[in-house]
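Single-letter residue listing:
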Amino acid sequence: MSKPAILAPLLLLSGVAVAQIYAPADCIPQWQWTSNSLGQNACTVAAYLMGTCNRGAYTVPPLEPGESYSGPSGDDDGNLCKCSTVAYSLLSACDACQQETWIDWSEYSTNCTRTMNVSSFPNPVPSGTRVPQWALLDVTLENSWNNDKSFAVGDSLEIAPGTVISPSNASSTSPTPTPTLPTPSPTPTQSSSLNAGAIAVGVFSGVAAIAVAGLAIFFWLRRKRSKDLSAASVADGASQSLMGEVRPPGSDDGTYVPSSKPGTPATPMNFYDPNDPTTFPRFQGAGQVYTGVPVAPYSGNTLPNIQTSPPPEYHSLPII
């Protein structure tokens, strides 16, 4: 538990108060936000307010390690300046400014015998100082000074000299959020018309692209099919021509069937028959027909032997 530090008014000289304020001047950098716009730390502002209950003079002594500022005791139990939540908040910040721990509000106000001032102060703010807004927060809600909430409030709206601090004063000086103006948006008619136009253009473009692609594929297939049909017709004609000209050397009945034009009956060829002159071989050039009696060339007085008929064993096909 921290040791209490004695808060004492300045001594009177010859019945006249020495109007001076004494408070620790040093404060660690991370707590500089507790100072007011005049650069006075929380300890100095607390001494100014306490001095209004002691003819304008007051001393807030610096803390020794392990100490903290305590509430009124003895003759100060009825002191309304000390029994104020504003004074408690300022002294708690003065504890933190010197890297010490502050006490709870219930412990600080144990000896207060008169009505305590919550978020208010009995006297007007003296000249020479300004009270930061965070000192007006209601500490009775949490029974302690809350440095995080105080930091959030800050000292944007300070209480000027001559002003009496009260709950209504605190609420009226509390910062209000700046309203955010909504960003103007296009009317539904404009938005819908723009959307409808964009959709129509997109649909038309898509349909046109599909139609062009379909026509291109159709004509390509049609042209390809025409080429295939032409090639097939040529191939069929060539095949039929070849098939009409190529025939086997003979049929089952021994008759050779030559190629013929369509519609012309094929004429069969007969084997050589010595008794049938039509089967005799024909010779080109002289127009003579072999009659079966070979004529030997004449060689002087010798008569050739005349053979009246071909050998009976001859069965060959005639040579054309």
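Being a predicted model, the structure only gives us computed values, none of them experimental.

Participant: Please give an account of the overall build of the protein that cites residues and values.
Facilitator: Looking only at helices and strands, the protein has six helices and six strands in total. Starting at the N terminus, the α and β elements of the protein follow one another as β-β-β-β-α-β-β-α-α-α-α-α. Counting over 320 residues, the protein shows a buried share of 27%. Counting only contacts in the protein whose residues sit at least 6 apart along the sequence, the fraction spanning at least 24 positions is 70%. Put simply, the protein shows about 21,200 Å² of open surface, and 60% of that area lies on carbon and sulfur atoms.

Participant: Give me the lowdown on the side chain of Ser144, citing residues and values where you can.
Facilitator: Relative to the helices and strands, Ser144 resides in the loop between helix 3 (105–108) and helix 4 (147–153). In this structure Ser144 touches Tyr88, Trp102, Asp104, Trp105 and Val139, once residues within four positions along its chain are discounted.

Participant: Describe the nonpolar core, with residues and values.
Facilitator: Grouped burial of nonpolar side chains is what soluble globular proteins tend to show. Leu90, Tyr108, Val131 and Ile165 are the most contacted members of the largest nonpolar core, which has 37 residues in total. Excluding anything up to four places from it in sequence, Ile165 contacts Val86, Ser119, Ser120, Phe121, Val125, Val131, Leu136 and Ile159.

Participant: Account for unusual backbone geometry, naming residues and giving values.
Facilitator: Despite not being glycine, Arg55 has its phi angle at roughly 60 degrees, a positive value. In this fold, Arg55 is placed in the loop between helix 1 (42–51) and strand 5 (58–59). The phi dihedral of Asn143 falls on the positive side, at around 60 degrees, and the residue is not glycine. Tracing the chain through its elements places Asn143 in the loop between helix 3 and helix 4.

Participant: Pulling in residues and values, what's your account of the state of the cysteines?
Facilitator: Within the structure shown, the criterion is met by four disulfides. Through a disulfide, Cys43 is tied to Cys94; the S-S separation comes to 1.7 Å. With the S-S bond torsion at 100 degrees, the cross-link from Cys43 to Cys94 turns out right-handed. With Cys43 in helix 1 and Cys94 in helix 2 (residues 85–97), this residue pair connects regions lying 51 residues apart in the sequence. Relative accessible area serves as the criterion here: at 0%, Cys43 is assigned to the buried category.

Participant: Kindly report on the environment of Cys53, identifying the contributing residues and their values.
Facilitator: Note on placement: Cys53 falls in the loop between helix 1 and strand 5. With residues near it in sequence (within four places) discarded, Cys53 still touches Asn79, Cys81 and Asn123.

Participant: Describe the environment of Ala46, and please don't skip the residues or the numbers.
Facilitator: Following the sequence through the fold, Ala46 ends up in helix 1. A C-alpha to C-alpha distance of 8.9 Å links Ala46 and Ser89, two positions 43 residues apart in sequence. With residues up to four places along the chain from it excluded, the contact list for Ala46 reads Leu90 and Leu91.

Participant: Explain the environment of Ala135 to me, and be specific about the residues and the numbers.
Facilitator: For Ala135, the location among the structural elements is in the loop between helix 3 and helix 4. Taking the relative accessible area as the measure of exposure, Ala135 reaches 0% and is therefore buried. In this structure the C-alpha to C-alpha distance between Ala135 and Ala87, which are 48 residues apart in sequence, comes to 7.9 Å. Discounting residues that sit within four places of it in the chain, Ala135 has contacts with Thr85, Val86, Ser89 and Leu90.

Participant: Provide a residue-level description of the pattern of salt bridges, including the pertinent values.
Facilitator: Across all of its chains, the model carries two salt bridges by this definition. Between Asp76 and Lys82 there is a salt bridge; the shortest N-O distance is 2.4 Å. Assessed through its relative accessible area of 22%, Asp76 is described here as partly exposed. Put simply, Glu142 and Lys149 hold a salt bridge, and the shortest N to O gap is 2.5 Å. By relative accessible area, Glu142 is classed as partly exposed at 41%. Given the relative accessible area of 47%, Lys149 is considered partly exposed.

Participant: Before we move on, could you go through the packing of aromatic side chains and cite the residues and values that matter?
Facilitator: Enumeration according to the criterion identifies 10 aromatic pairs in this entry. Here the aromatic residues Trp31, Trp33, Trp102, Trp134, Trp145 and Phe151 are joined through ring pairs into a cluster of three or more.

Participant: Go over the side chain of Glu158 with me, naming the residues and quoting the values.
Facilitator: Take Glu158: it is sitting in the loop between helix 4 and helix 5 (167–173). Looking at Glu158, its side chain comes within polar contact range of the side chain of Ser37, at 2.6 Å. Ignoring any residue separated from it by four or fewer positions in sequence, one finds Glu158 in contact with Asn36, Ser37, Arg130, Val131 and Pro132.

Participant: Can you tell me about helix 1, naming the residues and giving the values?
Facilitator: With nine of 10 residues buried, helix 1 lies mostly within the body of the structure. Every buried residue belonging to helix 1 is among Ala42, Cys43, Thr44, Val45, Ala46, Ala47, Leu49, Met50 and Gly51, and all of these are buried. Those residues of helix 1 hidden inside the fold are in contact with strand 4 (21–22), strand 5, helix 2 and helix 3. Where helix 1 begins, the capping side chain belongs to Asn41, and its oxygen is found 3.2 Å from the backbone nitrogen of Cys43.

Cut-offs applied
Residues numbered from 1 in each chain as written. Predicted model: local features only at pLDDT ≥ 70, side-chain atom pairs only at ≥ 80, totals over all residues. Heavy atoms only, no water. Helix = DSSP H or I, 4+ residues; strand = E, 2+ residues; numbered from the N terminus. Buried < 20%, exposed > 50% of the residue type's maximum accessible area, 1.4 Å probe, protein only. Contact = heavy atoms within 4.5 Å. Areas by Shrake-Rupley, 256 points an atom, 1.4 Å probe, with all protein chains shown as cover. Core = buried A, V, L, I, M, F, W, Y, C linked by side-chain atoms within 4.5 Å. Disulfide = S-S within 2.5 Å. Salt bridge = Lys/Arg side-chain N within 4 Å of Asp/Glu carboxyl O. Phe/Tyr/Trp six-rings, centres within 6.5 Å; stacked < 30°, edge-to-face > 60°. Polar contact = N/O pair within 3.5 Å; in protein donor to acceptor, adjacent residues only side chain to side chain.

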